[in-house]
Amino acid sequence: MVSCSSDDSGTPAGPINAGELKLIAIDTAKVNTISITGTNEQTILNKLVNSSSYIGDFCISPDGTKFIYVNQQMEGTVPNLVFTREIRKANIDGTGDVRLYGVPNQETHIGKIKYCSDGKIFFGTYTIFPDAARALHVMNADGTGLADLNWGGDIIDASDDRAYYLVNTTAGAQILDADADNGLPGMYHTESIGSAADIGDGVFTNDGKYAVVPYKENATIKAKVIDMATKTSETLTLITGLGSGWTNYQLEMASDGKRGVVTITGSDYAK
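We now turn to the structure provided with this report. (Residues numbered from 1 in each chain as written. Predicted model: local features only at pLDDT ≥ 70, side-chain atom pairs only at ≥ 80, totals over all residues. Heavy atoms only, no water.)

Summed over the entire model, instances satisfying the criterion amount to 6 aromatic pairs. Ring centres of Tyr101 and Phe123 lie 4.8 Å apart, and the angle between their planes is 50 degrees; on these two criteria the pair is classed as tilted. Linking Tyr101 in strand E8 (residues 98–102) with Phe123 in strand E10 (residues 120–127), this pair joins segments that are 22 residues apart in sequence. The class of Phe123 is buried, set by a relative accessible area of 0%. Considering the side-chain rings of Trp151 and Tyr165, the 5.3 Å spacing of their centres and the 10 degrees angle between planes classify their relative orientation as stacked. In this pair, Trp151 sits in the loop between strand E12 (147–148) and strand E13 (155–158) while Tyr165 sits in strand E14 (residues 164–169), placing the two residues 14 residues apart along the sequence. (Phe/Tyr/Trp six-rings, centres within 6.5 Å; stacked < 30°, edge-to-face > 60°. Helix = DSSP H or I, 4+ residues; strand = E, 2+ residues; numbered from the N terminus. Buried < 20%, exposed > 50% of the residue type's maximum accessible area, 1.4 Å probe, protein only.)

Below is the structure:
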């Protein structure tokens, strides 16, 4: 789920006006808009072809006028399966849907995508067979100018200027400086999460001032808000009272960097 705000006047005061925040949610292979109160759900883009159709990743442009997404499709039967894995772009209302990039072979997958304010689109690709490999790329917003960054990694998010990468490791959440080591990424900051069960997600705010990393600790979803300038952090408690079963969650920040939205599914608790 992604949140977009037109309010850039500063820290919100009092109740949030329902008209200033738009929620966009992915439902398998559909892009839906929902009001801030969870009502009036509408499908603005539908890529549902069959049970193998889904949207792999999604990102709204910094100006809020367009979005990009990973379209994943599989059709046919073994041994004649046909795969579609591509990055597409559409207007914020779902119109003008066009293809920007398609993978060169069926073994290549698309990972994280990011629509940056300089008009560049950042994305990662990876292969599992015959060799496990990762690569990072940038291209123009119209799909031209594809360039390889000559480095690969399991990226959770990239800052808007692509100067920093957020990665998840067994040591905790790490922030890499893209040019720290002779033009290759090097360590900028490691945030120890302690006894967290998992960290599968995290984002930079649009202004690059913070990295926000959600994690589950026992029956609670928390988040580390890391100040990029001081390399210090604040811990926020987001959701309590979860069960001991499996949990899937994702966090996104609004364009003002002050508000966010968390989606959570799983077992042993009320959804």
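Within the largest apolar cluster, 18 residues are counted, with the highest numbers of intra-cluster contacts made by Leu166, Ile175, Phe204, Ala211, Val213, Met228 and Ile264. Breaking this core down by element, the ones donating at least two residues are strand E15 (172–181), strand E18 (210–217) and strand E19 (220–227). With 3 residues, E18 is the largest single contributor of residues to this core. Setting aside its immediate chain neighbours within four residues, Ile264 contacts Ile221, Ile239, Leu242, Thr247, Asn248, Tyr249 and Tyr269. Cys59, Ile68, Ile121 and Met139 belong to the second-largest nonpolar core, a separate cluster that totals 14 residues. (Core = buried A, V, L, I, M, F, W, Y, C linked by side-chain atoms within 4.5 Å. Contact = heavy atoms within 4.5 Å.)

Looking now at the sheet that holds strand E6 (residues 66–75). Pairing is antiparallel across the open sheet formed by 4 strands, whose spatial order is E5-E6-E7-E8. A single partner strand is all that each edge strand has here, and the edge strands are strand E5 (54–60) and E8. Along the sheet, successive strands turn relative to each other by an average axial angle of 25 degrees, direction set aside. (Pairing = 2+ DSSP bridges. Axes fitted to C-alpha atoms, helices over the stretch in contact; angles between N-to-C directions.)

In this structure the tally under the stated criterion is 11 salt bridges. In this structure, the salt-bridge partner of Arg134 is Asp154, at a minimum N-O distance of 3.9 Å. Taken together, the positions of Arg134 in strand E11 (residues 133–140) and Asp154 in the loop between E12 and E13 put the pair 20 residues apart, joining distant regions of the chain. By relative accessible area, which is 46% here, Asp154 ends up partly exposed. With a closest N to O distance of 2.6 Å, Arg259 and Asp256 form a salt bridge. Look at the salt bridges and you will find they share partners, linking Lys47, Glu86, Arg88, Asp97 and Arg99 into a network. (Salt bridge = Lys/Arg side-chain N within 4 Å of Asp/Glu carboxyl O.)

Turning next to the pairing of E11. Two strands pair when backbone bridges link them, and E10 and E11 are joined in this way by 8 bridges, in the antiparallel orientation. Within E11, the residue paired with Lys120 across the bridge is Asn140. Turn length for the E10-E11 hairpin, with the two strands adjacent in sequence and antiparallel, is 5 residues. Here E11 pairs with E12 via 2 bridges, running antiparallel. Its bridge partner lying in E12, His137 is registered against Asp148. Where E11 folds back onto E12 in an antiparallel hairpin, the turn is made up of 6 residues, including Gly143, whose phi is positive at roughly 90 degrees.

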